[in-house]
Amino acid sequence: MDKKKRIVIALGGNALGNTLPEQMAAVKITSKAIVDLIEEGCEVVIAHGNGPQVGMINNAMSALSREDPNQPNTPLSVCVAMSQAYIGYDLQNALREELLNRNITHIPVATMITQIRVDSDDPAFLNPSKPIGHFMTKEQAQEAEEKYGYIMREDAGRGYRRVVASPKPAQIIEIGAIRTLVDSGQLVIACGGGGIPVTLNGNHLKGASAVIDKDFASELLAEELDADVLIILTAVEKVAVNFGKPEEKWLDNLTTAEARTYMDEGHFAPGSMLPKVQAAVKFAESKEGRTALITLLEKAREGILGKTGTHIHR
Ligand code: ADP
Ligand code: MG
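Since this is a predicted model, take the numbers as computed values, not measurements.

Caption draft 1: Region of interest: the state of the cysteines. Going through the model one piece at a time under the given rule, you end up with zero disulfides. Cys79 carries a free sulfur, and the closest cysteine sulfur to it, the one in Cys191, is 19 Å from it. Of the residues examined, Cys79 reaches a relative accessible area of 0% and is grouped as buried.

So this is what it looks like as structure tokens:
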């Protein structure tokens, strides 16, 4: 028999929902899609985003420190850590249940609290770009800027959101532990919310005020685990050129060279599809035989069987 395909899955916002009850419901559907891949004989590792969750936690913690002078403001890195634990908790329980429902009893599920080193002189720190948290009206956004010093940006005609720095991931601190668990056959959730961003200060890891893009963190995880496929599960079945325009064309296959051309031509929106295509290209070019797939969460099984999604390869 062939060696099992090792797959790193990056879960997007639609896999986790926006509120506590939404997440509870979403992880059930997400777990079905993931266990489908395990049933197809894949070895799966899971990473995920945290945009709404980290925004929610950050708002709650700021409200606490406004109310109680003994509670200083919670650093964003701590909010990311909280989001990893909260999402991991829901996701690992839903996965455990789905595995047992299908009589798969030999795969333990675990969430790894993961820190990712970023460069303290990453230019992203000077240009906050990643939207987190809920949408606000112009008036609410102005108030948040004045009261809390947040940097607010208009987000694609949908309202205003807080933006934070999004540096590139340089090194996964817990990679040794993750690899040990994965190699021993466990289903691991790692690099949640793009990983807790830290900078290295001698032997000390210092939390950074940032949120790493989960598409790039997942890509690094896939390289480090020598995965065969990076699957980015999101809210569209395929990647399009001329997205949302009359000439829109959905892509089944995309070479990394074609992807570069389309990126230069501006077909992929920054902050949503662009980082996915960038991550897919980086992974596909990182080693012979590696490929990436971008598709809809519910289509993961069909995607890995080559029936749908956009497949990115050299
Ligand atoms: P996630 O939470 O999964 O990271 P995002 O909202 O960040 O999801 O990115 C996925 C979204 O990117 C899609 O729902 C779609 O609206 C948008 N998008 C932008 N450009 C394209 C494109 N060229 N092809 C397909 N989708 C695109
Ligand atoms: Mg995204």
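There's plenty left to go through after this.
Caption draft 2: Representation of the nonpolar core in the model. By size, the foremost hydrophobic cluster in this structure holds 43 residues, and its most contacted members are Ile178, Leu221 and Val277. If you tally residues by element for this core, the top one is helix α8 (residues 273-286), at eight residues. Discounting chain neighbours no more than four positions away, the residues touching Leu221 are Val8, Val45, Ala47, Ile172, Ile175, Ile178, Ala190 and Cys191.

Caption draft 3: Examining the site of ligand 1 more closely. Lining the immediate surroundings of ligand 1 are 17 residues, of which Gly13, Lys214, Thr234, Ala240 and Lys276 lie closest. In this structure, Lys214 approaches ligand 1 through a side-chain N or O atom, which is 2.9 Å from an oxygen atom. Between ligand 1 and the protein, one listed contact pairs an oxygen atom with a side-chain N or O atom of Thr234 at 2.7 Å. When ligand 1 is considered free in solution it has 580 Å² of accessible area, and contact with the protein chains removes 78% of it. Secondary-structure elements contributing two or more residues to the shell around ligand 1 are β13 (239-241) and α8. Across the shell around ligand 1, the residue classes break down as eight nonpolar, six polar and three charged.

Reading the values: rules and limits
- Residues numbered from 1 in each chain as written.
- Chains lettered and ligands numbered in written order.
- Predicted model: local features only at pLDDT ≥ 70, side-chain atom pairs only at ≥ 80, totals over all residues.
- Heavy atoms only, no water.
- Disulfide = S-S within 2.5 Å.
- Buried < 20%, exposed > 50% of the residue type's maximum accessible area, 1.4 Å probe, protein only.
- Core = buried A, V, L, I, M, F, W, Y, C linked by side-chain atoms within 4.5 Å.
- Helix = DSSP H or I, 4+ residues; strand = E, 2+ residues; numbered from the N terminus.
- Contact = heavy atoms within 4.5 Å.
- Near = heavy atom within 4 Å.
- Polar contact = N/O pair within 3.5 Å; in protein donor to acceptor, adjacent residues only side chain to side chain.
- Areas by Shrake-Rupley, 256 points an atom, 1.4 Å probe, with all protein chains shown as cover.
- Nonpolar A, V, L, I, M, F, W, Y, C, P; charged D, E, K, R; others polar.

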